[in-house]
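Commentary on secondary and tertiary structure
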Amino acid sequence: MMRTFIIMLLFYFSCHAYGSDNNGTQPSTGLLTTTLSNNIDAEIRSHEQTLAALKSDIDGLSAKLDTLKSELASTTDTGEYNKIVGRYNAGLKKSRALISKYNDITNDVNLKRIKNPPLTIDTDNGKNYYLKLINVATGETTITMFVNGGEQISTRLPAGQYQLKYVTGDLWQGNQALFGPETSFYAGDSTINLIEDDKGSIGKIDTLKKVRNGNFTWISVSKNEW
């Protein structure tokens, strides 16, 4: 009985070591948390799907209008001619409404892309990465991301200056314990500038890879500094 109790205690402490809040699963590469009120990437993808559906509808209506034009050219009956004209005008009106909606959504997507430049991050094989982007103007952590070693992650953020910090390790133990006692803490020595431009947003591609002449210098920091 005592032996069983000791084994259960050992199992409990092994699962909760270092204050771990891990649920036993390794996160997939992706966004973990965000303080943004909306997911720009998801909005743009949704709009792009809507645009594709609208384009299909517009193309279908265009084909029907071409058919009606052919019918008009070959019809000699006045009554039938007037009916075809009615159908043609109705189709033309619907087509114009769809085109107007298509243009409005296209403009909205383009504006979102301009105001929310892309950020892409490359990582090295081996260790896994937990990253956070801090808005320099507010000091607020805007997003946190998890990246499995060797993978790439891309997201869009409102234009501005950000500081990127990250930790590395093998076994993820949750947002509090991170990678446990083996966690290594790093911070960039400069800020990331995501620029809004009338001709299109200017994003950044940053690498956490150990490459010569990389575009970012990383400094090892303490847990308190991180």
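Residues numbered from 1 in each chain as written. Predicted model: local features only at pLDDT ≥ 70, side-chain atom pairs only at ≥ 80, totals over all residues. Heavy atoms only, no water.

Comments concerning the packing of aromatic side chains
Under the defined criterion, the tally for this structure stands at nine aromatic pairs. Ring centres of Tyr-130 and Trp-226 lie 6.1 Å apart, and the angle between their planes is 45°; on these two criteria the pair is classed as tilted. Here the residue Tyr-130 occupies a position in strand β3 (residues 128-135), and Trp-226 occupies one in the segment after β10 (218-220), the gap between them amounting to 96 residues. The same class applies to Tyr-130 and to Trp-226, which are both buried. Ring geometry for Phe-146 against Phe-179: centres 6.2 Å apart, planes inclined by 40°, an arrangement best described as tilted. Placement of Phe-146 in strand β4 (residues 141-147) and of Phe-179 in the loop between β6 (160-169) and β7 (184-188) is noted, with a sequence separation of 33 residues between them. Three or more aromatic residues joined by ring pairs form one cluster here, namely Tyr-130, Phe-146, Trp-172, Phe-179, Phe-185 and Trp-226. Directly above the aromatic system of Trp-226 lies the positively charged group of Lys-132, at a separation of 3.9 Å from the ring centroid. (Phe/Tyr/Trp six-rings, centres within 6.5 Å; stacked < 30°, edge-to-face > 60°. Helix = DSSP H or I, 4+ residues; strand = E, 2+ residues; numbered from the N terminus. Buried < 20%, exposed > 50% of the residue type's maximum accessible area, 1.4 Å probe, protein only. Lys NZ or Arg CZ within 6 Å of the ring centre and 35° of its normal.)

Thoughts on the environment of Ser-184
Mapped onto the elements of the fold, Ser-184 is located in strand β7. In this structure, the C-alpha to C-alpha distance between Ser-184 and Tyr-129, residues 55 residues apart in sequence, is 9.8 Å. If we ignore the near neighbours within four places in the chain, the residues touching Ser-184 are Tyr-166, Val-167 and Thr-168. (Contact = heavy atoms within 4.5 Å.)

Considerations on the nonpolar core
Core analysis: the biggest nonpolar cluster contains 17 residues, and Ile-121, Leu-131, Leu-133, Met-145, Leu-157, Leu-164 and Leu-208 have the highest contact counts within it. When residues of this core are traced back to their parent elements, those giving at least two are β2 (118-122), β3, β4, β6 and β8 (192-194). Among all residues touching Leu-208, those that are not within four sequence positions of it are Ile-121, Asp-122, Thr-123, Asp-124, Tyr-129, Leu-131, Tyr-166 and Trp-218. Grouped together as the second largest cluster of nonpolar side chains are 10 residues, Tyr-130, Phe-146, Val-167 and Phe-179 included. (Core = buried A, V, L, I, M, F, W, Y, C linked by side-chain atoms within 4.5 Å.)

A closer look at the confidence of the model for the protein chain
Here the protein chain shows a mean pLDDT of 82. Residues at 70 or above account for 81%. In this model residues 1-22 is a low-confidence stretch, pLDDT under 50, and it forms 18 contacts with partners more than four residues away in sequence or in other chains. (pLDDT = per-residue confidence, 0-100.)

Quick notes on the pairing of β7
Note: β6 against β7, four bridges, orientation antiparallel. Residue Thr-168 lies in a different strand from β7, and its bridge partner there is Ser-184. Bridge analysis of β7 against β10 gives three bridges, and the strand direction is antiparallel. Within the sheet, the bridge partner assigned to Tyr-186 lies in β10 and is Ser-220. (Pairing = 2+ DSSP bridges.)

Overview of the pattern of salt bridges
Where side chains of opposite charge bring their charged atoms close, a pairing between them can arise. Summed over all chains, the structure comprises six salt bridges. Here Asp-108 makes a salt bridge to Lys-112, at a shortest N to O gap of 3.1 Å. Of the two residues, Asp-108 and Lys-112 are both situated in helix α3 (residues 78-115); the distance of four residues between them amounts to about one turn of the helix. Look at Lys-112 and you get buried, because its relative accessible area is 17%. Each of Glu-43, Asp-108 and Lys-112 takes part in one network of salt bridges that share partners. (Salt bridge = Lys/Arg side-chain N within 4 Å of Asp/Glu carboxyl O.)

Looking at the packing of helix α2 (residues 40-74) against α3
The geometry of α2 relative to α3 is characterised by a closest axis approach of 9 Å and an angle of 160° between their N-to-C directions. The orientation of α2 with respect to α3, classified from their angle, is roughly antiparallel. Regarding α2 and α3, the two cross each other, and that crossing is left-handed. Classifying every residue of the contact of α2 with α3 by side-chain character gives 18 nonpolar, five polar and 12 charged. (Axes fitted to C-alpha atoms, helices over the stretch in contact; angles between N-to-C directions. Parallel < 35°, antiparallel > 145°, perpendicular 65-115°, else oblique. Left-handed = near helix turned anticlockwise from the far one by under 90°. Nonpolar A, V, L, I, M, F, W, Y, C, P; charged D, E, K, R; others polar.)

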